[in-house]
Amino acid sequence: LTPFQRVRRAFRVAASGGRPMSAALEIRGASKSFGDRPVLRGIDLDVERGSVTVILGPSGSGKSTLLRAINHLEPLDEGSVRVGGELVGVRVRHHPRRGDQLVELPEREILRQRSRIGFVFQAFNLFPHLTILENVTEAPLSLGRDAAETTQKARALLERVGLAEKASAYPRQLSGGQQQRVAIARALVLEPEVVLFDEPTSALDPELVGEVLKVIAGLAGSGTTLVVVTHEIGFAREVADRVVFIDEGVILEQGTPAEVLDAPTHPRTREFLGRVL
Ligand code: ADP
Ligand code: MG
């Protein structure tokens, strides 16, 4: 650490009440309703830097809404999300009379924050009119990053997901599993601190699920923090550091894969696992 970094870290530790800021992601009291229907009800979640967290839960339990809140695609009604210690989407304004208030960040700040969070959707969402390589380079180029460097990085990522030879193909020429691997390369190209996966294999034919899970497993331990919503219990067991079970917008239990998958304490978790296993 440079002296400057040491001072900054000391300030950050002081600002966090003495705790070292090791969490990549900190969610506090996250609540959200659609109309009068509560979908997230006071979610508190800490995700350690570089770890893999698998989120399980029945359909409609709020998993996608939670991931979208982390990326500020779905602003919360209450609560906060921090990525790398920084509040997402809002900042605290100190008002002399009214006390602390949350103020929405300007759009360009939100876009900057989103570049630190990768997102892999269920339905790949590649640009059909762009080649595989162009799909991966699109975001950094639109942010004005160096073209040669971006292309080099994109090619290295395509290599990493096993698709180097598909660089000049178009999405429609690829299988669903290959398209999802491109989407993963695209999510990594800005070197995000956190990558969120929303049921990345549930739109795939069963024989293509394995190749995508293998690529995601290969990212574990590389320093990037992964949060994966999936029903793939085998993946959770083998790859996750933490497993979180959400039901009706509440975290019912969380722990190591052995704790949550092999010895669930909540009847709803047992019932859910009985259905998906
Ligand atoms: P999950 O991903 O766990 O299946 P979601 O977060 O997608 O659950 O949805 C939780 C609930 O919120 C569902 O009942 C869903 O219908 C509802 N919901 C999600 N997005 C919206 C929206 N934009 N408008 C209204 N209701 C929504
Ligand atoms: Mg969902």
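All of these numbers come straight from a predicted model, not from anything done at the bench.

> Let's hear about a positive patch on the surface: which residues, and what values?
A surface patch of like charges, here positive, comprises Arg 91, Arg 93, Arg 97 and Arg 98. Assignment of secondary structure puts Arg 91 in strand S6 (residues 90-95).

> Which residues make up the sheet that holds strand S10 (residues 225-229), and what values do they have?
With respect to topology, 6 strands assemble into an open sheet ordered S8-S9-S10-S3-S11-S12, the strand pairing being mixed. Of all strands in the sheet, those with a lone pairing partner are strand S8 (117-120) and strand S12 (250-255), marking the two edges. Neighbour-to-neighbour, the strand axes of the sheet open up by a mean angle of 20°, direction not taken into account. Here strand S3 (residues 52-56) pairs with strand S11 (residues 242-247) via 4 bridges, running parallel. Within S11, the residue paired with Leu 56 across the bridge is Phe 245. The strands that helix H2 (residues 63-70) touches are S3, S8, strand S9 (194-198), S10 and S11; relative to S9, the one it contacts most, it runs at about 155°. Contacts from helix H10 (residues 267-276) reach S3, S11 and S12 within the one sheet, and its direction differs from that of S11 by about 100°.

> Describe in detail the nonpolar core, supporting the description with residues and values.
One recurring pattern in soluble globular proteins is that nonpolar side chains are buried together. Formed by 48 residues in total, the largest nonpolar core has its most connected members in Leu 56, Leu 158, Ile 184, Phe 197, Ile 216 and Leu 226. For this core, the element with the highest residue contribution is helix H7 (residues 206-219), accounting for 7 residues. Beyond its immediate sequence surroundings of up to four residues, Ile 184 is in contact with Val 120, Phe 197, Val 212, Val 215, Ile 216 and Leu 219. Formed by 24 residues, the second largest nonpolar core is a distinct cluster that contains Ile 55, Leu 67, Ile 70 and Leu 196.

> How would you summarise the sheet that holds strand S5 (residues 86-87) if you had to cite specific residues and measurements?
Taken in spatial order, the 4 strands make up an open sheet running S2-S1-S4-S5, and their pairing is antiparallel. The sheet terminates laterally at strand S2 (37-48) and S5, the two strands that pair on one side only. Pairing of strand S1 (residues 23-34) with strand S4 (residues 78-83), which is carried by 5 bridges, proceeds in the antiparallel orientation. If you follow Ile 27 over to S4, its bridge partner there is Val 81. Most of the contacts of H2 go to S1, to which it runs at about 120°, and overall it touches S1, S2 and S4.

Conventions and cut-offs
- Residues numbered from 1 in each chain as written.
- Chains lettered and ligands numbered in written order.
- Predicted model: local features only at pLDDT ≥ 70, side-chain atom pairs only at ≥ 80, totals over all residues.
- Heavy atoms only, no water.
- Patch = residues over 30% accessible without salt bridge, like charges linked within 9 Å, V, L, I, M, F, W, Y side chains within 5 Å.
- Areas by Shrake-Rupley, 256 points an atom, 1.4 Å probe, with all protein chains shown as cover.
- Salt bridge = Lys/Arg side-chain N within 4 Å of Asp/Glu carboxyl O.
- Lys, Arg positive; Asp, Glu negative; His and termini not counted.
- Charge placed at Lys NZ, Arg CZ, Asp CG, Glu CD.
- Helix = DSSP H or I, 4+ residues; strand = E, 2+ residues; numbered from the N terminus.
- Pairing = 2+ DSSP bridges.
- Axes fitted to C-alpha atoms, helices over the stretch in contact; angles between N-to-C directions.
- Contact = heavy atoms within 4.5 Å.
- Core = buried A, V, L, I, M, F, W, Y, C linked by side-chain atoms within 4.5 Å.
- Buried < 20%, exposed > 50% of the residue type's maximum accessible area, 1.4 Å probe, protein only.

Functional significance is not addressed by these values, which are geometric in nature.
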